[in-house]
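# Architecture at a glance
Now for the letters of each chain:
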Amino acid sequence: MASSNSTSTKETARKIFKILLSNPRIKVSWVKAHAGNIGNERVDQLAKDATQHGQPYSHTKLPKPHIKGLLRKRMLQEWQTSLKTGDTGRKIYNIMPSVSLRPTNWITEDVIFSQHGPFLAYLKRFHLSDSDYCSCGGIGTALHYATECIYTVSWHMRKPAPNFEQEWLKMVANNLVSRQKIRGIIKFMSENRDLFRPP
């Protein structure tokens, strides 16, 4: 056996020999093939399976940064597919259709403006409010508070045409001044919830 020969030039044999030298309790002996030894029969079967069905093993060592890059690319592809074909997050997808590892600098208020906030239309949808009407008389959507509610006039923005709401949301999401206004609206609404509830 090459592994028991200290002068062997084979790399694997040299590694096995070093292991055997440092672990004298390990004994290596020859076992007759196909003689009913369970362990040997199993090893023979695995070796046969590997030669017939296994994948070729490559000793090529890839640099860690390269492996990380491949994994990152695969993860982003799966994330993008999930975002594109998923049932949830449609509002965010319409504003930001591409995934990215770069921070968007969005804070909680920016995210919840996509309808998931203290808006009465949202709360009514989940039975957390009896009405979806704002106390000013309009339907309490995010767009209502951002463009026409009398209580949030300090932060109003120009109202988009009905069929341009998604484009308007994209512009607002990418404009720092508009996002500051959104943050002001959300903060004011959170601190004055009773003001917006109908009598």
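Residues numbered from 1 in each chain as written. Predicted model: local features only at pLDDT ≥ 70, side-chain atom pairs only at ≥ 80, totals over all residues. Heavy atoms only, no water.

- Taking an unreviewed UniProt entry as the reference, the protein chain is identified by name as RNase H type-1 domain-containing protein belonging to Araneus ventricosus.

## Structural notes on the overall build of the protein chain
- Along its length, the protein chain carries 10 helices and 0 strands.
- Sequence-ordered secondary structure for the protein chain, helices as α and strands as β, is α-α-α-α-α-α-α-α-α-α.
- Entry remark: accessible area of the protein chain is about 14900 Å², with carbon and sulfur atoms responsible for 57%. (Helix = DSSP H or I, 4+ residues; strand = E, 2+ residues; numbered from the N terminus. Areas by Shrake-Rupley, 256 points an atom, 1.4 Å probe, with all protein chains shown as cover.)

## Overview of a nonpolar patch on the surface
- Nonpolar side chains collect at one region of the surface, where Leu62, Ile67, Leu70 and Leu71 lie side by side and expose about 370 Å² of accessible area between them.
- Here leucine 71 shows up in helix α3 (residues 64–85).
- For leucine 71, a relative accessible area of 56% gives the class exposed. (Patch = residues over 30% accessible without salt bridge, like charges linked within 9 Å, V, L, I, M, F, W, Y side chains within 5 Å. Salt bridge = Lys/Arg side-chain N within 4 Å of Asp/Glu carboxyl O. Buried < 20%, exposed > 50% of the residue type's maximum accessible area, 1.4 Å probe, protein only.)

## Focus: the environment of asparagine 40
- Along the chain, the position of asparagine 40 falls in helix α2 (residues 38–53).
- Accessibility expressed as a relative area gives 18% for asparagine 40, which makes it buried.
- Excluding residues that lie within four positions of it along the chain, asparagine 40 makes contacts with Val31, Lys32, Ala33 and His34. (Contact = heavy atoms within 4.5 Å.)

## A look at the packing of aromatic side chains
- With the rule as written, the count across this model stands at 6 aromatic pairs.
- Aromatic side chains phenylalanine 119 and tyrosine 145 sit 5.7 Å apart centroid to centroid with 20° between the ring planes, which places their arrangement in the stacked category. In this pair, phenylalanine 119 sits in the loop between α5 (108–112) and α6 (120–125) while tyrosine 145 sits in helix α7 (residues 142–147), placing the two residues 26 residues apart along the sequence. Grouping residues by exposure puts phenylalanine 119 and tyrosine 145 together as buried. (Phe/Tyr/Trp six-rings, centres within 6.5 Å; stacked < 30°, edge-to-face > 60°.)

## Remarks on the pattern of salt bridges
- Enumeration over the complete set of coordinates arrives at 3 salt bridges.
- Residues glutamate 78 and arginine 74 are paired through a salt bridge, measuring 3.0 Å at the closest nitrogen-oxygen approach. On the criterion of helical spacing, the pair formed by glutamate 78 and arginine 74 is a turn pair, its members being 4 residues apart in helix α3.
- With a relative accessible area of 46%, glutamate 78 lands in the partly exposed category.
- Among the residues examined, arginine 74 registers a relative accessible area of 51% and is labelled exposed.
- Note that glutamate 148 and lysine 159 form a salt bridge whose closest N and O atoms lie 3.0 Å from each other. Placement of glutamate 148 in the loop between α7 and α8 (165–173) and of lysine 159 in the loop between α7 and α8 is noted, with a sequence separation of 11 residues between them.
- Looking at lysine 159, the relative accessible area reads 46%, which means it is partly exposed.

## As for unusual backbone geometry
- Backbone geometry at histidine 127 places phi at a positive 60°, although glycine is not the residue there.
- In this structure, histidine 127 sits in the loop between α6 and α7.
- By relative accessible area, which is 73% here, histidine 127 ends up exposed.

## What to know about the nonpolar core
- Grouped together as the largest cluster of nonpolar side chains are 19 residues, with contacts concentrated most on Phe113, Phe119, Tyr145 and Trp168.
- Looking at this core, the elements that each hand over two or more residues are α6, α7, α8 and α9 (176–191).
- In this structure tryptophan 168 touches Phe113, Leu143, Ala146, Thr147, Met157, Arg158 and Pro160, once residues within four positions along its chain are discounted. (Core = buried A, V, L, I, M, F, W, Y, C linked by side-chain atoms within 4.5 Å.)

## Structural notes on the side chain of serine 131
- Note on placement: serine 131 falls in the loop between α6 and α7.
- Of note is the side chain of serine 131, whose polar atom sits 3.0 Å from the backbone nitrogen of tyrosine 133.
- The residues contacting serine 131, other than those within four sequence positions of it, are Leu120, Lys124 and Pro198. (Polar contact = N/O pair within 3.5 Å; in protein donor to acceptor, adjacent residues only side chain to side chain.)

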